[in-house]
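The chain contents come next:
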Amino acid sequence: MPVGITDSRTGETGPKRVKIIVLLGFLVVFPYSGLMAEGSDRILHLYGRDFSFKVAEPAGWTLDTRSAPQLANFIFYPAGKNWRKADVLIFARFVPKQEPVTLEEFIRENEEQFEEECPFADPAEQGRTLKVRGGFQTRTFICPGFRSEMVAIGEVGKFFILFSLSSSDPDSLAKGIPALERIVRSFEWFENPPRAPGKH
């Protein structure tokens, strides 16, 4: 069903038919409203069945809840681009926690998988860090000849959440870092939120 989305830059509100199916379709999240953030970024408040969260759509980027459902729950790409042709993307993924796996164990499992898949990676290249708010840990996965990722990983509710900046071009990856940092710094999670405004 259509829901309203207010653009914090213009103040205009209009219907937008959007949804994300998270984890085999048991959860639907709706973007609702925008608030001012850094510069001309806008903050979107997305509502789920028993949670909601706020996240920035950085200026010059598009938050897309409809494309690439096989890869992510929502994605960001440079405004005006087709996500399939964009030279840099930011994927957001919710991964259900499997007790008793901790955040540190989950990260280590991903590091081990990367090491198996890219045994010739230079360990010195994996040490880049991001400026993100508390609760998120960051990792860099750079494999020569393949797409590289800078990942911020956190724990919210019943999920691990990953924001992955991905590109096969080192310059494009570097240019996307400020957007990833703003997205992660803006992220705010709410358990059992009230109904989305306009939803009764």
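Criteria and thresholds
Residues numbered from 1 in each chain as written. Predicted model: local features only at pLDDT ≥ 70, side-chain atom pairs only at ≥ 80, totals over all residues. Heavy atoms only, no water. Pairing = 2+ DSSP bridges. Helix = DSSP H or I, 4+ residues; strand = E, 2+ residues; numbered from the N terminus. Axes fitted to C-alpha atoms, helices over the stretch in contact; angles between N-to-C directions. Contact = heavy atoms within 4.5 Å. Expected span 1.5 Å × (residues − 1). Buried < 20%, exposed > 50% of the residue type's maximum accessible area, 1.4 Å probe, protein only. Arc of directions from axis to C-beta. Bend = angle between axes of the 7 residues up to and from the residue.

## Remarks on the sheet that holds strand β10 (residues 137–141)
Part 1 of the reasoning: Reading across the sheet, the six strands line up as β7-β8-β9-β12-β11-β10 and stay open at both edges, with antiparallel pairing between neighbours. Unpaired on one side and paired on the other, β7 (61–64) and β10 mark the two borders of the sheet. On average, adjacent strands in this sheet sit at an angle of 20 degrees to one another, irrespective of strand direction.
Part 2 of the reasoning: Relative to strand β11 (residues 148–156), β10 runs antiparallel, the two being bridged by five bridges. From the neighbouring strand, Thr138 faces β11, where its bridge partner is Ala152.
Part 3 of the reasoning: Its contacts with the sheet place helix α1 (residues 103–117) against β9 (89–96), β10, β11 and β12 (159–167), and it is angled at close to 5 degrees to β10.
Part 4 of the reasoning: Its contacts with the sheet put helix α2 (residues 170–186) on β7, β8 (74–78), β9, β11 and β12, and the angle it makes with β12 is roughly 155 degrees.

## Brief notes about α1
Part 1 of the reasoning: If you check α1, its first and last C-alpha atoms are 21 Å apart, about what 15 residues at 1.5 Å a residue would give, namely 21 Å.
Part 2 of the reasoning: Residues of α1 that are buried include every one of Leu103, Phe106, Ile107, Glu111 and Phe114, and no others. Buried residues of α1 fall within an arc of 140 degrees about the axis and therefore sit on the same side.
Part 3 of the reasoning: Tucked inside the fold, the buried residues of α1 contact β9, β10, β11 and β12.

## A few points about the pairing of strand β5 (residues 42–47)
Part 1 of the reasoning: Taking burial as the measure, the six residues of β5 include six buried ones, the bulk of the element.
Part 2 of the reasoning: Burial along β5 is two-sided: Arg42, Leu44 and Leu46 and Ile43, His45 and Tyr47, pointing in opposite directions, are all buried.
Part 3 of the reasoning: Where β5 and strand β6 (residues 51–57) come together, six bridges link them in antiparallel fashion. Note on β6: the bridge partner recorded for Tyr47 is Ser52.
Part 4 of the reasoning: Remark: three residues form the turn of the hairpin made by β5 and β6, two consecutive strands paired antiparallel.

## Regarding α2
Part 1 of the reasoning: Taking 1.5 Å of rise per residue, 17 residues should cover 24 Å, and α2 covers 25 Å from first to last C-alpha, within 8% of that figure.
Part 2 of the reasoning: The largest bend in α2 is about 35 degrees, located at Ile177, with the proline Pro178 one to four residues further on.
Part 3 of the reasoning: Taken together, the buried positions of α2 are occupied by Ser172, Leu173, Gly176, Ile177, Ala179, Leu180, Glu181, Arg182, Ile183, Val184 and Ser186.

## A short note on the environment of Pro96
Part 1 of the reasoning: Along the chain, the position of Pro96 falls in strand β9.
Part 2 of the reasoning: A relative accessible area of 34% means that Pro96 is categorised as partly exposed.
Part 3 of the reasoning: Taking the C-alpha atoms as reference, Pro96 lies 4.5 Å from Phe159; in sequence the two are 63 residues apart.

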